[in-house]
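Report on the structure
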Amino acid sequence: MSPSSVVLLPYTPSSVAVARQCLSSDLQEWGVYETAIDDAVLVVSELLSNALRHAHPLPSGQIRVAWRWTDGHVEVAVSDGGATTEPRAGRAPLSSLGGRGLGIVEYLADRWGVRHEGEITTVWAVVTALNPALNGHVPVPEPVVQECI
């Protein structure tokens, strides 16, 4: 069984810091190495920030962030109430203050994509989490139950 977590957060910018902390804590507990944690946390930050900027909240007024560690990869996903446009990586001009979020995700993740389930849109990404020092060995973590918020 792969360890995983799901958190429902308020639809507010302060939720980005909460999601980052929860994800980082879980991945540390599960034995994921630090560089992979940093990449996964940055990817979640970008996905969540984009959802808060461009999409509507879920019908509950919240936003859902989920992650799972499996087979040497961290899978992260952010679900919202959808938007008028489809999430896509853009090429922002150098002078732009924004517009690079999904480009960062595209660079750090092995793959990413978008799922639609009714009115809910989920943007997901998969980040490699193998520690080169372990020569590809993936330690099996003990399941952890913890409160994040």
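Residue numbers here run from 1 along each chain, matching the order of that chain's written sequence. For this predicted model, a pLDDT threshold of at least 70 governs which residues receive local features, and a threshold of 80 or more governs which side-chain atom pairs are given and counted, while totals over whole chains, interfaces and linings are taken from all residues. By convention in this description, side-chain values take in all heavy atoms of the structure and omit both hydrogens and water.

**Considerations on the overall build of the protein**
- Secondary structure elements follow DSSP: runs of H or I of four or more residues count as helices, runs of E of two or more count as strands, with numbering from the N terminus. When you go through the protein residue by residue, the secondary structure sums to three helices and five strands.
- Order of helices (α) and strands (β) in the protein, N terminus to C terminus: β-α-α-β-β-α-β-β.
- Here the protein holds 149 residues, and 38% of them are scored as buried.
- Only heavy atoms enter the contact rule, under which two residues are in contact if any of them lie within 4.5 Å. Once local pairs closer than 6 in sequence are excluded, the contacts in the protein between residues at least 24 apart make up 66%.
- Only the protein chains shown count as covering a residue, and every accessible area follows the Shrake-Rupley method with a 1.4 Å probe. Approximately 8500 Å² of the protein is accessible, and the part contributed by carbon and sulfur atoms is 53%. The buried label goes to any residue with under 20% of its type's maximum accessible area, the exposed label to any with over 50%, and the partly exposed label to all in between, with areas taken from a 1.4 Å probe on protein chains only.

**Describing the side chain of S79**
- Counting through the fold element by element, S79 comes out in strand 3 (residues 73–80).
- S79 sits in the buried class, given a relative accessible area of 4%.
- In protein, a polar contact requires one atom able to donate a hydrogen and another able to accept it; more generally it is a pair of N or O atoms within 3.5 Å, and residues adjacent in sequence count only if both atoms are side-chain atoms. Engagement of the side chain of S79 in a polar contact is seen with the side chain of T122, the distance being 2.6 Å.
- Those residues in contact with S79 that sit more than four places away from it in its chain are L58, I63, R64, I120, T121 and T122.

**Points about the sheet that holds strand 2 (residues 62–70)**
- A sheet is described by the order of its strands in space; here five strands give the open sequence 1-2-3-5-4, paired in antiparallel fashion. Of all the strands in the sheet, just strand 1 (4–10) and strand 4 (111–117) have a single pairing partner and so form its edges. Averaged over all pairs of adjacent strands, the angle between strand axes in this sheet comes to 15°, irrespective of strand direction.
- Alignment of strand 1 against strand 2, held across seven bridges, turns out to be antiparallel. Across the sheet, residue S5 finds its bridge partner in strand 2, namely W67.
- Its contacts with the sheet put helix 2 (residues 34–54) on strand 1, strand 2, strand 3 and strand 5 (120–128), and the angle it makes with strand 5 is roughly 165°. Strands qualify as paired when DSSP identifies two bridges or more between them. An axis is simply a line fitted to the C-alpha atoms; with a helix, the fit covers only the stretch in contact. Between two such axes, the angle follows the N-to-C directions and lies from 0 to 180 degrees.

**A word on helix 2**
- Each residue after the first adds 1.5 Å to the expected span of a helix. Under the 1.5 Å per step criterion, the end-to-end length of helix 2 is 30 Å for 21 residues, consistent within 8% with the ideal 30 Å.
- Residues of helix 2 that are buried include every one of A36, I37, A40, V41, V43, V44, S45, E46, L47, L48, A51 and L52, and no others.

**Here's the deal with unusual backbone geometry**
- A positive phi angle is found at D71, which is not glycine, with a value near 50°.
- Judged by relative accessible area, which is 68%, D71 ranks as exposed.

**Side note on the environment of V127**
- Structurally, the position occupied by V127 is in strand 5.
- Sequence separation between V127 and W69 is 58 residues, and the spatial gap between their C-alpha atoms is 9.5 Å.
- Setting aside residues no more than four positions away along its own chain, V127 makes contact with A36, D39, A40, V43, G72, H73, V74, L108, A109 and D110.

**Side note on the pattern of salt bridges**
- Any Lys or Arg side-chain nitrogen found within 4 Å of a carboxyl oxygen on Asp or Glu counts as a salt bridge. Tallying each qualifying case throughout the model produces two salt bridges.
- E75 is the partner of R68 in a salt bridge, and the nearest nitrogen-oxygen pair spans 2.7 Å.

**Some details on the nonpolar core**
- Residues grouped as a nonpolar core are buried Ala, Val, Leu, Ile, Met, Phe, Trp, Tyr and Cys residues, joined through side-chain atoms within 4.5 Å. Core analysis: the biggest nonpolar cluster contains 34 residues, and V32, L47, L48, V65 and V76 have the highest contact counts within it.
- Put simply, the parts of the chain that give this core at least two residues each are strand 1, helix 1 (14–29), helix 2, strand 2, strand 3, helix 3 (101–108) and strand 5.
- The element that contributes the greatest number of residues to this core is helix 2, accounting for 10 residues.
- In contact with V76, not counting residues within four places along its chain, are L23, V43, V44, L47, A66, W67, V123, W124 and A125.

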